[in-house]
Amino acid sequence: MRMRHCALLLGVAALAGCALKDPLRHEDTVAQALPNVALPAQYAAGGLAAPISDDWLAALRDPALAALVAEAIAYNPDLKVAAARVDQAAAYLAGAKSPLWPQVSLVARGGGKMSGDATGLQGVGLFASWEIDLWGRVRATARATELQYESTQLEAEYARQSLAALVAKAWITAIEARLQMAQAADMLRAAVQLAGLARDRQRVGIGNEYDVALAQANVETLRDSVRSLELAYGNALRALETLAGRYPAAAVEVAAALPAWPGELPTGVPAELLERRPDVVAAERRVAAAFYRVEEAKAARLPRITLVANLTSISSELFVLQSRNNPVVSFGAGLVQPLFLGGLLQSQVDARTAEQQAAIAEYGKVGARVFGEVENALAATAAAADRETILVRSVQENARALELANIRYRVGSADLRAVQQQQLDLTSARAALLRVRADRLVQRVNLHLALGGSFDAQPVAIVGRRAPAARSP
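Residues numbered from 1 in each chain as written. Predicted model: local features only at pLDDT ≥ 70, side-chain atom pairs only at ≥ 80, totals over all residues. Heavy atoms only, no water.

For this particular structure, what's the right way to read the nonpolar core?
Of all hydrophobic cores here, the largest spans 38 residues; its most connected members are Trp-56, Leu-65, Val-167, Leu-240, Val-254 and Leu-258. Taken together, the elements giving at least two residues each to this core come down to helix H3 (56–59), helix H4 (63–75), helix H6 (137–204), helix H7 (209–243) and helix H11 (416–451). A per-element tally of this core places H6 first, with 14 residues. In this structure, Val-254 is in contact with Trp-171, Ala-174, Ile-175, Arg-178, Tyr-233, Leu-237 and Leu-240, ignoring residues within four places of it in sequence. By size, the runner-up hydrophobic cluster in this structure holds 26 residues, among which are Ala-184, Met-187, Ala-195 and Leu-391. (Core = buried A, V, L, I, M, F, W, Y, C linked by side-chain atoms within 4.5 Å. Buried < 20%, exposed > 50% of the residue type's maximum accessible area, 1.4 Å probe, protein only. Helix = DSSP H or I, 4+ residues; strand = E, 2+ residues; numbered from the N terminus. Contact = heavy atoms within 4.5 Å.)

Here's what the structure looks like:
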């Protein structure tokens, strides 16, 4: 009899090994999420269709920036939150996998008679139960939680990459603010010299009080500009320190010049982007996790079979138990089949199915956004390069014009207003050139982030960047 029972139980356990269904293939997910997007062979805004390289931070050749990025990775509060979420997801995963194993409990009771207790029972019991996962409900729950954990890992990795990019862009912005401040200070010194010249001309009788007042007003305007740029520079430094988890004292030292242009960047092809960027792969993991939650809800409508085994030893000081066999071993099995729950189980299936459709739509939303980010960064980088060439010529011509205006003013063939106007034109051209050079570098960092390129020399290993390729549900 026992042999037959064991054989029966083994047969039921063997059935529990049925494989789970696989979620949508990557290609099917893309087709459902982006039905109106035809991926081109290369990016419309240009780019070099060659394999994307990592370690973009080293290409800026600034050890101080690299050290600040490392500090931010270690101490940034937002990144600590992301790391804690990964730990939380890992704990949920461990809990979701626990029902795959037998559950064993120990119950013990001491002897003696207590108030309100006339039995005097004492003993120990070992109780084990194991749900035979015949329909894959438990495994589907575990797999969904595992995919959610992977998604959280990927989101944390993208947060790391985003933080590195934020620090690099804030560093470039701080350098730009420092250089803008220095340029404004140079123009202030020139304006002070011009005001002195106006006073000298008034003393010798070839100038007038109007020119002196006009020159001094220009000096005060430039002093205000310098003070405003000092504030902007301090704010940029404080932003850097906040990213690095420091107190924002505006005490961090930045470079005295912008990083040199690192050269052309390989961009790969659009089809690779959806499998490369951590946040996009994370969205695909959530689609797969939603699929397994649907499978879990479907399996919940079917019978649950649980095997139980008990080992007990019980005695009493007050009376003799009927069974004197001690200890007692027992085996059994239980079955639970939902019959009528008012449509609850089907509503759960419907809800999970809707969640799966929402996850697919969210994946499409993320995919559409990332393509736009790459194209925008490529277009902005190309435009900045063209503008830099134009503005270099503009600065040269305005500098020459200012030189000529100063000569004409000194010999008395032009008034002060022409000199000041040319001075403003040169200041504006220099500021625009510096801004475009900084923006070109910022857009380069944006492009690295948009393409999913890592700032690490050895990129952090990410659990499977691609969902399993198999049949659709």
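What's the story with the packing of H6 against H7 in this structure? I'm lost.
Running from N to C, H6 and H7 cross one another at 165°; their axes reach a closest spacing of 8 Å. Put simply, H6 runs roughly antiparallel to H7. Classified by chirality, the crossing of H7 by H6 is left-handed. (Axes fitted to C-alpha atoms, helices over the stretch in contact; angles between N-to-C directions. Parallel < 35°, antiparallel > 145°, perpendicular 65-115°, else oblique. Left-handed = near helix turned anticlockwise from the far one by under 90°.)

Even after reading the chapter, I still don't get H4, so can you show me in this structure?
An α-helix turns once per 3.6 residues; consequently, residues spaced three or four apart project the same way. Here H4 spans 18 Å end to end across 13 residues, near enough to the 18 Å set by a 1.5 Å rise per residue. Taken residue by residue, H4 has Leu-65, Leu-68, Val-69 and Ala-72 as its buried positions. Looking down the long axis of H4, one finds its buried residues gathered within 105° of arc, a one-sided arrangement. Structural note: H4 exposes Pro-63 and Tyr-75 on the side pointing more than 90 degrees away from its buried face. (Expected span 1.5 Å × (residues − 1). Arc of directions from axis to C-beta.)

I'm lost on the packing of aromatic side chains in this one. Help?
The geometry of an aromatic ring pair comes down to the distance between the two centres and the angle between the two planes. According to the stated counting rule, one finds 1 aromatic pair in the structure shown. Pairing Phe-291 with Tyr-292 gives two aromatic rings, centres 5.0 Å apart and planes at 70°, and the pair type is edge-to-face. The same class applies to Phe-291 as to Tyr-292, namely buried. Looking at Arg-201, its charged tip hangs above the ring of Tyr-409, at a distance of 4.3 Å from the centre. (Phe/Tyr/Trp six-rings, centres within 6.5 Å; stacked < 30°, edge-to-face > 60°. Lys NZ or Arg CZ within 6 Å of the ring centre and 35° of its normal.)

Quick question: what am I supposed to make of the environment of Val-392 here?
By secondary structure assignment, the location of Val-392 is in helix H10 (residues 344–411). Residues Val-392 and Leu-434 lie 42 residues apart in sequence; the distance between their C-alpha atoms is 9.8 Å. With near-sequence residues (within four places) excluded, Val-392 lies in contact with Leu-433 and Arg-437.

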